[in-house]
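Structural features, examined
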Amino acid sequence: MPTADHALEWNLADLYESPDDPRLTRDLARAAALAAAFATAHRGRVAAMRPPELASALGAFEEMMDLAYRPQLYASLLFAGNTGDEKAQALLDRTRQATTEAFNLVKFFDIEVKLLPAAAFEGLLAAPELAAFRHHLEAQRRFAPYTLSEAEEQLAEVKNLTGRAAFAQLYTEVSARIRIPLEVEGRVKEVNVAQARALRSSPDRVLRRRATDALMRAFEDQSHVLTFCFNTLFQDHALEVKKRGFSDVAHPTFLEDELPPEVVEALMSATERRYALAQRYLRLKAKVLGLSDFSSHDLLAPLGKVEKKVPFAEGRALVLDSFGAFEPRFAQIAGEFFEKRWIDALPRPGKRDGAFCSGMLPALHPYVLLNYNDRLEDVSTLAHELGHGIHFYLSRRNGPLNFWATTPMAETASVFAELVLMRRLFDAEQDREVRRSMLALRIEDILATVFSQVSYTRWEQKAHARRAQGVAPAEEYSTLWMDERRRLYGDAVRFLPQDRWGWISIPHFIHHRFYCYSYAFGQLLVLALYRKYQDEGPAFVPRYVELLSSGCSATPQKLLSAIGVDVADPAFWDRGFVTLEALLDDFEKLV
Ligand SMILES: [Zn+2]
């Protein structure tokens, strides 16, 4: 049915008519002109600005931002919808370049705000005219105490090319070249790291074991070079952090995320105290699989199969229905995505794979891209992306500088929406095995994002601390790794000797230092908020709406305290585990 399918493609005409729309060229030109005028008016003058002038400069900055991003956002959606379209590709290049040029012209503004004397800056923060920009100004300045002189910063940047960046690149290249001989269905073939990782969730236990073992052996073979990368990057980071005046190697990451270190520690230690919950689930899983020797290569084993077909119309109805039961306004907003064609739902040749929600700008509505394929996971992805969509939609009351949620808050609405949908699906499902699989998928997602990521972060802290004592041999990092594995899984999991190479296969430790905790933060925050919803009932909903509507107008801690949540209190995080325990209880009844 071509008409029905057509309705499932997004309508980008809300932005521009076509890549040749003269309004697009005009917007690019206006953005460039605004950026140039901004530079002429304000360069070198920020220190002398009084609050009303700074407020009006920030307003002009937002206006320029809006015009500069619009064409690029349009081009990126056009390209995502048809990656083979050369015109879209060319437009994306052109608009990206224009955005970069415009922002280069106004870069001085950030630098001058950062260089303001502390007393003058405090005065500006206190001014009522700047209330709407207070958080933005504070966020801009947060690295100021740790910034070196201009000459030092420039030298560091240049030396990083052959230093930090080169070692990270070496790690990537060595891992990317790994080829693993593996016997699959009676034939030995060569697979790469990603393929071997995927085989660890095969229903065939022998294959799972073989894939896990071969993957770890392949990393062991490269361990000399890769350990050298770890040791070098750990040392490089420790030296830089010290030079900048941070007291801890993890603090720059937490500052980036605008979270005080004690909040991260509260989350991590609350999780560590509940490691027994992960063990409880894995014992139940072993029972379902009929294994008396549940091992590390069974962690990702599938539990039964959820082969339920959910056509798009049905998936849409399920999502809207579950959203509506939570808050009618959510169903109404999500409904607009379908009615007004803000969603591109079905796979087609040339379209980008996966799914995303593009938040665009406050003056524009969000768009969602999916590759809906009638699987139960696709319904969940639909809920996830529409959760993001609702978050952006509500956040549109803010200006562009307060619009996009900070990293720790970015997945709140999406994961919450998945949970709301899951409860609805679970309660309506009659088939015992399907119910069990649904719960297993949810619980394993929590295991992977909360428990594993906290244990990764803890290993990372200990590994950096070990490196501070001098170069460490690979085996010492391996020992620390197995200590953390055993702490998490207790005697619920049997390990293979090769498991000790797990740490060396995780690129986050190289490319996104201390980042793993943020997955745990996002997921556990949602579990705790969901529990709060169950405790407080409908009274919770308007507060949650307010949280989403606030965008990034304050730090995560302030936004959450406004709805009565204290993230520095371990007791708040404990609530998240109550939600998990309820899921485990339901699961146990079905084992
Ligand atoms: Zn997401």
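Further up the page is the structure itself.
Every value quoted in this text rests on a predicted model; they were computed, and no experiment measured them.

1. Remarks on the overall build of the chain
- On a plain count of helices and strands, the chain comes out with 26 helices and 5 strands.
- For 591 residues, the compact-globule estimate of 2.2 N^0.38 gives 25 Å, and the C-alpha radius of gyration of the chain, at 25 Å, lies within 12% of that figure.
- Projecting the C-alpha coordinates of the chain onto the three principal axes gives extents of approximately 75 × 65 × 50 Å.
- In the chain, of all internal contacts separated by at least 6 residues, the share reaching a separation of at least 24 is 77%.
- As displayed, the chain has an accessible area near 26200 Å², and 53% of this comes from carbon and sulfur atoms.

2. Some details on helix α16 (residues 312–326)
- For α16, built from 15 residues, the straight-helix expectation of 21 Å at 1.5 Å per residue is met to within 8% by its first-to-last C-alpha distance of 21 Å.
- Where α16 is concerned, the buried positions are F312, G315, L318, V319, S322, F323 and F326. Down the axis of α16, the buried set is contained in an arc of 125°. They therefore lie on one face. When the buried face of α16 is taken as reference, the exposed residues oriented beyond 90 degrees from it are A313 and A325.
- Each element contacted by the buried residues of α16 is listed here: α17 (328–339), α18 (376–395), α19 (412–428), α23 (517–536) and α24 (540–549).

3. Concerning the nonpolar core
- Judged by nonpolar contacts, the single largest core of 128 residues is most densely connected at F323, F416, F451 and W573.
- No other element matches the 11 residues that α23 contributes to this core.
- Ignoring anything within four residues of it in the chain, the contact list for F416 reads F326, V526, L529, Y530, Y533, F540 and Y544.
- With 39 residues, the next largest nonpolar core counts L182, L207, L215 and I506 among its residues.

4. Digging into the coordination of the zinc ion
- Around the zinc ion, the protein contributes the donor atoms H384 (NE2), H388 (NE2), E411 (OE) and E411 (OE), at 2.1 to 2.7 Å from the metal centre.
- Coordination at the zinc ion is irregular, judged from the 4 donor atoms that bind it and the angles of 52 to 140° they form at the metal.
- Mapped onto the polypeptide sequence, the residues donating to the zinc ion form the spacing pattern H-x3-H-x22-E. Residue H388 is located in helix α18, and its partner E411 is located in the loop between α18 and α19; the two are separated by 23 residues in the primary sequence.

5. Some words on the pairing of strand β2 (residues 187–191)
- Sheet analysis places strand β1 (residues 180–184) next to β2, joined by 5 bridges and oriented antiparallel. Within β2, the residue paired with P181 across the bridge is E190.
- A loop of 2 residues connects β1 with β2, the two strands running antiparallel in sequence, and E185 in this loop sits at a positive phi of about 50°.

6. Observations regarding the sheet that holds strand β4 (residues 356–358)
- Read from one edge to the other, the open sheet built from 3 strands follows the order β3-β5-β4, with strand pairing classed as mixed. Across the chains shown, the open sheet's two edge strands, defined by having one partner strand only, are β3 (343–344) and β4.
- Its contacts with the sheet place helix α3 (residues 51–81) against β4 and β5 (367–369), and it is angled at close to 155° to β4.
- Docked against the sheet, α18 engages β3, β4 and β5, running at close to 15° with respect to β4.

7. Section: the pattern of salt bridges
- Under the criterion given, the structure shown has 46 salt bridges.
- For R348, the salt bridge goes to E9, with nearest N and O atoms at 3.9 Å. Taken as a pair, R348 in the loop between β3 and β4 and E9 in the loop between α1 (2–7) and α2 (22–42) lie far apart in primary sequence, 339 residues in all.
- By relative accessible area, R348 is classed as partly exposed at 27%.
- Given the relative accessible area of 32%, E9 is considered partly exposed.
- Here K308 ties to E429 by a salt bridge, and the two come within 3.2 Å at their closest N and O atoms. Within this pair, whereas K308 is found in the loop between α15 (275–289) and α16, its partner E429 is found in the loop between α19 and α20 (432–467), the two being separated by 121 residues in sequence.
- By relative accessible area, which is 12% here, E429 ends up buried.
- Through salt bridges with shared partners, a single network forms among E265, E272, R458, K462, E484 and R487.

8. Description of the packing of α16 against α17
- One can describe the packing of α16 onto α17 by two numbers: an axis separation of 5 Å at closest approach and a directional angle of 150°. Between α16 and α17, the interaxial angle falls into the category roughly antiparallel. Contacts between α16 and α17 involve F312, R316, L320, F323, G324 and F326 on the former and, on the latter, P328, F330, A331, A334, G335 and F338.
- In terms of residue class, the contact of α16 with α17 is made up of 9 nonpolar, 2 polar and 1 charged.

9. Remarks on the environment of A127
- Within the secondary structure layout, A127 lies in the loop between α6 (118–126) and α7 (134–141).
- You can call A127 buried: its relative accessible area is 7%.
- C-alpha of A127 to C-alpha of A55: the two residues are 72 residues apart in sequence and 9.8 Å apart in space.
- For A127, the contacting residues outside a window of four places in its chain are P51 and R134.

Cut-offs and rules
Residues numbered from 1 in each chain as written. Predicted model: local features only at pLDDT ≥ 70, side-chain atom pairs only at ≥ 80, totals over all residues. Heavy atoms only, no water. Helix = DSSP H or I, 4+ residues; strand = E, 2+ residues; numbered from the N terminus. Rg over C-alpha atoms; globule rule 2.2 N^0.38 Å. Contact = heavy atoms within 4.5 Å. Areas by Shrake-Rupley, 256 points an atom, 1.4 Å probe, with all protein chains shown as cover. Expected span 1.5 Å × (residues − 1). Buried < 20%, exposed > 50% of the residue type's maximum accessible area, 1.4 Å probe, protein only. Arc of directions from axis to C-beta. Core = buried A, V, L, I, M, F, W, Y, C linked by side-chain atoms within 4.5 Å. Donors = N, O, S within 2.8 Å, 3.2 Å for Na, K, Ca; no water. Tetrahedral: all angles 85-135°; square planar, octahedral: opposite > 155°, others 65-115°. Pairing = 2+ DSSP bridges. Axes fitted to C-alpha atoms, helices over the stretch in contact; angles between N-to-C directions. Salt bridge = Lys/Arg side-chain N within 4 Å of Asp/Glu carboxyl O. Parallel < 35°, antiparallel > 145°, perpendicular 65-115°, else oblique. Nonpolar A, V, L, I, M, F, W, Y, C, P; charged D, E, K, R; others polar.

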